[in-house]
Every structure is written in structure tokens, then in C-alpha cells.
Amino acid sequence: MSGEKQVASNEAARQRAKEKAERERLERENARLKKKLTQAEAALEIVGKWHALLEMMSESADSENS
């Protein structure tokens, strides 16, 4: 292989390695963000249920006091 082809081949290999590392970093970040989203959705569901329960208790107390 000529010197120029070798240099081009090495540069291409470095570029592929760099792209692979970036893809792996993005995949890890994506997994982290998916987990965070799942936790946030679960928290919102709990808060929604808590709010509904408080509303029911408030309505019950209002009807008992009337």
C-alpha cells in the first residue's frame, strides 16, 4: 500500500473509532434519559393519585360538615 493510501486508511479508521465512541456515548445517554423519564412518569402518576385522594377526602369532609 502506498504511503498516501496508508495515511488515508489510518485516518478513516480513526474517524470510524471516533464515531463508534460517540455512538456509544449517545446510547448510554439515551438509556439514562429513558430511565429518568420513566421515573418522572411514575412520580407524576403517584402525585395524580395523591391529588385525587385528597380531593375525595375534601369532598367527603365537606359533605359530612353540611
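All of the points below concern the structure found in this document. (Residues numbered from 1 in each chain as written. Predicted model: local features only at pLDDT ≥ 70, side-chain atom pairs only at ≥ 80, totals over all residues. Heavy atoms only, no water.)

Considerations on the environment of E22
Logical step 1: Positionally, E22 belongs in helix α1 (residues 3–65).
Logical step 2: A polar side-chain atom of E22 sits 2.8 Å from a polar atom in the side chain of R25. (Helix = DSSP H or I, 4+ residues; strand = E, 2+ residues; numbered from the N terminus. Polar contact = N/O pair within 3.5 Å; in protein donor to acceptor, adjacent residues only side chain to side chain.)

Some thoughts on a nonpolar patch on the surface
Logical step 1: Together, V47, W50, L53, L54, M56 and M57 line one region of the surface with nonpolar side chains, adding up to about 630 Å² of accessible area.
Logical step 2: The topology assignment puts L54 in helix α1.
Logical step 3: Note on L54: relative accessible area 37%, which makes it partly exposed. (Patch = residues over 30% accessible without salt bridge, like charges linked within 9 Å, V, L, I, M, F, W, Y side chains within 5 Å. Areas by Shrake-Rupley, 256 points an atom, 1.4 Å probe, with all protein chains shown as cover. Salt bridge = Lys/Arg side-chain N within 4 Å of Asp/Glu carboxyl O. Buried < 20%, exposed > 50% of the residue type's maximum accessible area, 1.4 Å probe, protein only.)

Comments concerning the pattern of salt bridges
Logical step 1: For the coordinates displayed, the defined rule picks out four salt bridges.
Logical step 2: In this structure, the salt-bridge partner of R25 is E29, at a minimum N-O distance of 3.4 Å. Of this pair, R25 and E29 both sit in helix α1, four residues apart, roughly one helical turn.
Logical step 3: A relative accessible area of 37% means that R25 is categorised as partly exposed.
Logical step 4: Of the residues examined, E29 reaches a relative accessible area of 31% and is grouped as partly exposed.
Logical step 5: A salt bridge links K49 to E45, with the shortest nitrogen-to-oxygen separation between them at 3.2 Å. Of the two residues, K49 and E45 both sit in helix α1, four residues apart, roughly one turn of that helix.
Logical step 6: You can call K49 exposed: its relative accessible area is 55%.
Logical step 7: For E45, a relative accessible area of 48% puts it in the partly exposed group.

Without other data, these values stay purely geometric and don't point to any function.
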